[in-house]
Amino acid sequence: MKKICVFLIAIFLIFVCFGCSYEREYDPDNFIADVTNPQIVKEPITLKVMVPKNSSIHGPYDEMALFTEATRITNIQFDFIEVETGVMQEKRSLAWEGNARDLPDLFLFGNNVAEQVQLASKNAIWNIDDILYLAPNYTALMEQYPEIQTAATLPDGKMYSFVDINDVTRDLTFKMYINTDLLSKTQFGDRLPETLQEYKEALKAMSNLFTGADKKNFVPLSSVKLGNTRNFIMSAFGYVGTGIELEHDGSGKVTYVPLKEEYKAYIQYLNELYREGLLDNGVFEKTDPDLTQLGEAGMLGSFDGAGDFAVVGEDKAENYTSIGPLVSGGYGGIENSEKRWLSFSGFKPTVSMMPKVSPYRKEIVRLIDFFYSDYGIQLQSFGIEGKHFTWDDKEKTSFTFAVPDGMTLEKFRGTITPNAGTGAAFYWKNEFVTKQNDPLLDRLNQQAEAYKPYFTEAFPESQVKFTEDELIEIADLQRALDDYMATFEINYIKGIDGADINTDWEDHLNTLKMLNVDRLIEIYQAGYDRYLAAK
């Protein structure tokens, strides 16, 4: 939410005069409305499209198989504006600030709901509701998954973006790992920790296996800037996040977790691990390469991540297994026996925004619908059958991805689809994706499935919608709270200058009140209540 305010101010200034914007030439007779015809236009047209770029993974967009095939089939060509993912939102904002004639026809991927609400309120982007008859693949999915319409519908009752659908379990959560090769040599044997106290004992037991310089170099628990280790520890106390969250008692009440006694116990626990040398003393400065270096050296006991092999290397991955969820075991006076695990929404209305200066509304809707077809799903995932992958049997139960020698899987995928390196997709489909014949991914799928019974969203962000005024207020409130909490967490986990959560707890609560946390809760509660009333 931190960057939203800047964006909101920019587009507010722009669209005061948007009604007098530039109109582009358009030949309506060139459009093919017959959805049974894969060709979309009679004569080629070129769409100007702004897209997110991960330079470390992606090849040129105009060479990606996803788009070269789309051009071959639909007769639509592309002029891509490739923008690094880290500055995508800023570049979108700048595009709206410029001359209307320079706007792209389509902003593809990463279009957050706050932007859509603001732009829709200024009549600046096309809605798609009334022309979804041109999107039979997508509307079929809408019938199958009612969550799509709920996720995409804004407070004005209209839909402006297609929905990024993901039902691949391994991508809907994080994983927590522990070194079972080391753990098996301790009193735990083949048993995994089940409570916070046991987890601490496991970290200590693994550390005690080392002596001398190795003991000094071994890191029992590490993470990149604490990452999802926050969620792993917090969930043992009954909440899966450290911000806005729904109470899990069925009351439908919204809370802010740092107000709760459970959060106090969370800080106490991590401070205890830090003081005893079990939590990496450089955790808040750790980078991905730092963590990988520890893992590949075999000096890492436990960590969070998307996959163990990405941190410790393929050769050491078999020494680790996924762990959790834990329960509190009464730590800090908190009794929680309910196992929960943070999950992410599989329905994100972030795929597309079409500026109203573009005359190609119908063409874009048909084009995007192509990407939700069976062939489009295949293309955006692993490319062209026979060229990029081959089925292993006639029944098509598994396929082999033909990664060239000297290339990594994701680097090769980055020549085919923008899904590599960004996670952006039209439909990342479990039924197809998990058929990839890869032992490491099979293992990852199994690890993720073990968490599935405990999946819990902190708050249904993609389903609950806020008004323009609410979004502006949320951004202001959240920015102040985030800034305070980032410093607070570091100070009290490290115990900087004698910081003690027990001594300073009331001062902390008063600071949150001063930062209007009650108003933030009130806005989220109002949004959630509207969502429930509309169901």
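To keep things clear, this report deals only with the structure shown in the data block. These numbers were taken from a predicted model, which means no experiment stands behind them. Per-chain numbering applies: the sequence of each chain, read as written, is numbered from 1 onward. Restriction of local features to residues with pLDDT of at least 70 applies here, the model being predicted, together with a cutoff of 80 or more for giving and counting side-chain atom pairs; totals for whole chains, interfaces and linings are based on all residues. Note that water and hydrogens are dropped before the side-chain values are worked out from all heavy atoms of the structure.

### Remarks on the sheet that holds strand E9 (residues 300–305)
Either a parallel or an antiparallel arrangement is found when strands of a sheet pair, and the pairing is made through backbone hydrogen bonds. Heads up, the rule is: Each pair of strands is called paired provided DSSP finds at least two bridges between the two strands. Strands are runs of DSSP state E lasting at least two residues, helices are runs of H or I lasting at least four, and both sets are numbered from the N terminus onward. Throughout, an axis means a line fitted to C-alpha atoms (over the contacting stretch in the case of helices), and angles, computed between N-to-C directions, take values from 0 to 180 degrees. For this analysis, residues touch if any pair of their heavy atoms sits within 4.5 Å.
Read across the open sheet, the four strands follow the order E6-E9-E5-E10; overall the sheet is mixed. Here the strands that pair on one side only, and so sit at the sheet edges, are strand E6 (219–222) and strand E10 (320–322). Geometrically, the sheet is characterised by an average inter-axis angle of 20° between neighbouring strands, direction not taken into account. In terms of strand pairing, E6 meets E9 through three bridges, oriented parallel. When the sheet's bridge partners are listed, Ser222 is paired in E9 with Phe303. Packing against the sheet, helix H8 (residues 196–207) makes contact with strand E5 (175–179), E6 and E9, and its axis sits at approximately 40° to E5.

### Describing the sheet that holds strand E1 (residues 45–53)
Pairing within the open sheet is mixed, and its four strands lie in the order E2-E1-E3-E13. Because the sheet does not close on itself, it has two edges, and the strands there are strand E2 (76–84) and strand E13 (352–353). Alignment of strand E3 (residues 106–108) against E13, held across two bridges, turns out to be antiparallel. Note on E13: the bridge partner recorded for Leu108 is Ser352. Across the sheet, helix H3 (residues 88–97) is in contact with E1, E2, E3 and E13; its angle to E1 comes to roughly 140°.

### Regarding the nonpolar core
Quick note on the threshold: Buried Ala, Val, Leu, Ile, Met, Phe, Trp, Tyr and Cys residues that are joined via side-chain atoms within 4.5 Å together make up what is termed a nonpolar core. Burial classification: accessible surface area is computed with a 1.4 Å probe over protein chains only, and a residue below 20% of its type maximum counts as buried, one above 50% as exposed, and the rest as partly exposed.
Counting residues in hydrophobic clusters, the biggest one holds 103 residues, and the most contacted among them are Tyr199, Phe237 and Tyr256. In terms of nonpolar packing, the next biggest core, distinct from the first, is built from 65 residues, Ile131, Tyr145, Val351 and Phe371 among them.

### Quick notes on helix H4 (residues 113–121)
The line we're drawing: Counted as a polar contact is a pair of N or O atoms within 3.5 Å, where, for protein atoms, one must be capable of donating a hydrogen and the other of accepting one, and residues adjacent in sequence contribute only when both atoms are in side chains.
Within H4, seven of the nine residues are buried, leaving the element largely enclosed by the surrounding structure. For H4, the complete set of buried residues consists of Ala114, Glu115, Gln116, Val117, Gln118, Leu119 and Ala120. Sitting at the amino-terminal end of H4 is Asn112, which places a side-chain oxygen 3.1 Å from the backbone nitrogen of Ala114. Where H4 ends, the next residue or the one after it, Asn123, has phi of about 55°, a positive value.

### Concerning the packing of helix H2 (residues 65–74) against helix H14 (residues 361–371)
The condition is simple: We call two directions roughly parallel when the angle between them is under 35 degrees, roughly antiparallel when it is over 145, roughly perpendicular when it lies between 65 and 115, and oblique otherwise. Two helices cross in a left-handed way if the nearer one is turned anticlockwise from the farther one by less than a right angle. They cross in a right-handed way if the turn is clockwise.
Contact geometry of H2 with H14 gives a least axis separation of 11 Å together with a crossing angle of 120°. Judged by the angle between their axes, H2 and H14 are oblique. In this structure, H2 meets H14 at a crossing whose hand is right-handed. Within the contact between the two elements, H2 uses Leu66, Phe67, Ala70, Ile73 and Thr74 and H14 uses Leu367, Phe370 and Phe371.

### Re the pattern of salt bridges
Just so we agree on the cut-off: When a carboxyl oxygen of Asp or Glu is within 4 Å of a side-chain nitrogen of Lys or Arg, the pair counts as a salt bridge.
All told, the structure shown has 23 salt bridges when counted by the stated rule. For Glu82, the salt bridge identified is with Lys53, shortest N-O distance 2.8 Å. Of this pair, Glu82 sits in strand E2 while Lys53 sits in strand E1, and the two are 29 residues apart along the sequence. Given the relative accessible area of 32%, Glu82 is considered partly exposed. Put simply, Glu470 and Arg530 hold a salt bridge, and the shortest N to O gap is 2.8 Å.

### Some points on the side chain of Asn445
Along the chain, Asn445 turns up in helix H18 (residues 439–451). By relative accessible area, Asn445 is classed as buried at 15%. Residues within four places of Asn445 in sequence aside, it is in contact with Arg170 and Thr434.

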